[in-house]
Amino acid sequence: MKRNTFVDPFNGARGIYHFSSSHQETRRIFRSDKDFIFGVNTLALLLPGSRVKIIAYCLMDNHIHLLLCGTYKDCLEYYDKVTLRIAQMLGKTYGISGVFRRDDLDVVAVTSESQLKSEICYIHRNPYKARMASPETYRWSSADVYFSNRIQHGSKVSGLGAAEIKRLFRTHSKVPGTYEFEDGRILNSSFVFYKSTVEKFSGSVEYFDLLRRYSLEAEVEEAHGIHESVVFSDSELTERIKDAG
């Protein structure tokens, strides 16, 4: 549902919301690994003080998905700050504007545990839909922390000086010393709120089963009021999961 017509079922209390930018945007938002790293770091850098938790996310070439926990007001404010920071980078780097149109934001409230699990898997399936990568290998989503044997650890920000932090993360703001990073990217294990959410799945089998379900796309997209074609088969997905295992 669009921002201007969204009715908050939680009435100002904390809830879970799936925010996604326009799926019809034809221009690329992220054009290089450097851009994607900036996007991931933006998610992490804007969290402190936001009163918002990230449950899952995926950054695609031309749109983004964020599954956020907090009040609708706080989540919307966080989303706007994220897209503004990325838009400012695009303007400075490529001289482009308007890739995040305010009225094209799609918001869906998550009101049940089954819907929560479906939304997480739908978000992580996005690279498959685009025939780009598997959830296990795609670097620009939160999928790795949902694979218990794929959680990454790196160097701690506390080991960096102020000048290094400013250069590496392109920010003047304070960065939590507990954050871990690798190759300039803040790792998902540092800022994604995944531990209690992973426990809602009855093991990795249920998680993989939802990733494989052909009908998942239609179910989630009906709730969002969008319709995108699925360009890969379940058999293809199954084989890729086997290869990733």
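Residues numbered from 1 in each chain as written. Predicted model: local features only at pLDDT ≥ 70, side-chain atom pairs only at ≥ 80, totals over all residues. Heavy atoms only, no water.

Asks: Which residues make up the nonpolar core, and what values go with them?
Replies: Counting 72 residues, the largest nonpolar core has Phe-19 and Phe-191 as the members making the most contacts within it. Counting residues per element, this core draws most heavily on helix α2 (residues 72-94), which supplies nine residues. For Phe-191, the residues in contact, after removing those within four places along its chain, are Val-40, Leu-43, Ala-44, Leu-47, Ile-54, Tyr-57, Tyr-179 and Ile-186. (Core = buried A, V, L, I, M, F, W, Y, C linked by side-chain atoms within 4.5 Å. Buried < 20%, exposed > 50% of the residue type's maximum accessible area, 1.4 Å probe, protein only. Helix = DSSP H or I, 4+ residues; strand = E, 2+ residues; numbered from the N terminus. Contact = heavy atoms within 4.5 Å.)

Asks: Account for the pairing of strand β2 (residues 53-59), with residues named and values stated.
Replies: With six of its seven residues buried, β2 lies for the most part within the structure. Pairing analysis gives six bridges linking β2 to strand β3 (residues 64-70), with the strands arranged antiparallel. Bridge pairing in β3 places Ile-54 opposite Leu-68. Hairpin connection from β2 to β3: four residues lie between these consecutive antiparallel strands. (Pairing = 2+ DSSP bridges.)

Asks: Go over the side chain of Thr-71, please, and point to the residues and values.
Replies: By the secondary structure assignment, Thr-71 is in the loop between β3 and α2. The exposure class of Thr-71 is buried, given its relative accessible area of 17%. Within polar-contact distance, the side chain of Thr-71 engages the backbone nitrogen of Asp-74 at 3.1 Å. Setting aside residues no more than four positions away along its own chain, Thr-71 makes contact with Gly-12, Ala-13, Arg-14 and Tyr-17. (Polar contact = N/O pair within 3.5 Å; in protein donor to acceptor, adjacent residues only side chain to side chain.)

Asks: Kindly report on the sheet that holds strand β7 (residues 185-186), identifying the contributing residues and their values.
Replies: Through backbone hydrogen bonds, the strands of a sheet pair up, either in parallel or in antiparallel fashion. The three strands lie next to each other as β5-β6-β7, forming an open sheet whose pairing is antiparallel. For this open sheet the edge positions go to β5 (155-156) and β7, each flanked by a neighbour on one side alone. Sheet analysis places β5 next to strand β6 (residues 180-182), joined by two bridges and oriented antiparallel. For Ser-155, the partnering residue across the bridge sits in β6 and is Phe-181.

Asks: Account for the packing of helix α1 (residues 33-45) against α2, naming residues and giving values.
Replies: In contact at an axis separation of 10 Å, α1 and α2 are set at 150° when each is read in the N-to-C sense. Taken together, α1 and α2 sit at an angle that is classed as roughly antiparallel. Seen from above, α1 lies across α2 with right-handed handedness. Where α1 approaches α2, its residues Asp-35, Phe-38, Gly-39, Thr-42, Leu-43 and Leu-45 are matched on the opposing element by Tyr-78, Val-82, Arg-85, Ile-86, Met-89 and Tyr-94. Here the contact of α1 with α2 is composed, by residue class, of eight nonpolar, two polar and two charged. (Axes fitted to C-alpha atoms, helices over the stretch in contact; angles between N-to-C directions. Parallel < 35°, antiparallel > 145°, perpendicular 65-115°, else oblique. Left-handed = near helix turned anticlockwise from the far one by under 90°. Nonpolar A, V, L, I, M, F, W, Y, C, P; charged D, E, K, R; others polar.)

Asks: Would you mind going over the sheet that holds strand β4 (residues 106-110) in detail, with residue names and values included?
Replies: As summarised here, the arrangement of the four strands in space is β2-β3-β1-β4, forming an open sheet in which the pairing is antiparallel. A strand with exactly one partner marks an edge of an open sheet, and here the two such strands are β2 and β4. Along the sheet, successive strands turn relative to each other by an average axial angle of 15°, direction set aside. When strand β1 (residues 15-20) meets β4, the two strands line up antiparallel, connected through five bridges. Note on β4: the bridge partner recorded for Tyr-17 is Ala-109. Docked against the sheet, α1 engages β2 and β3, running at close to 165° with respect to β2. Sitting on the sheet, helix α3 (residues 113-129) touches β1, β2, β3 and β4, and the angle it makes with β2 is about 30°.

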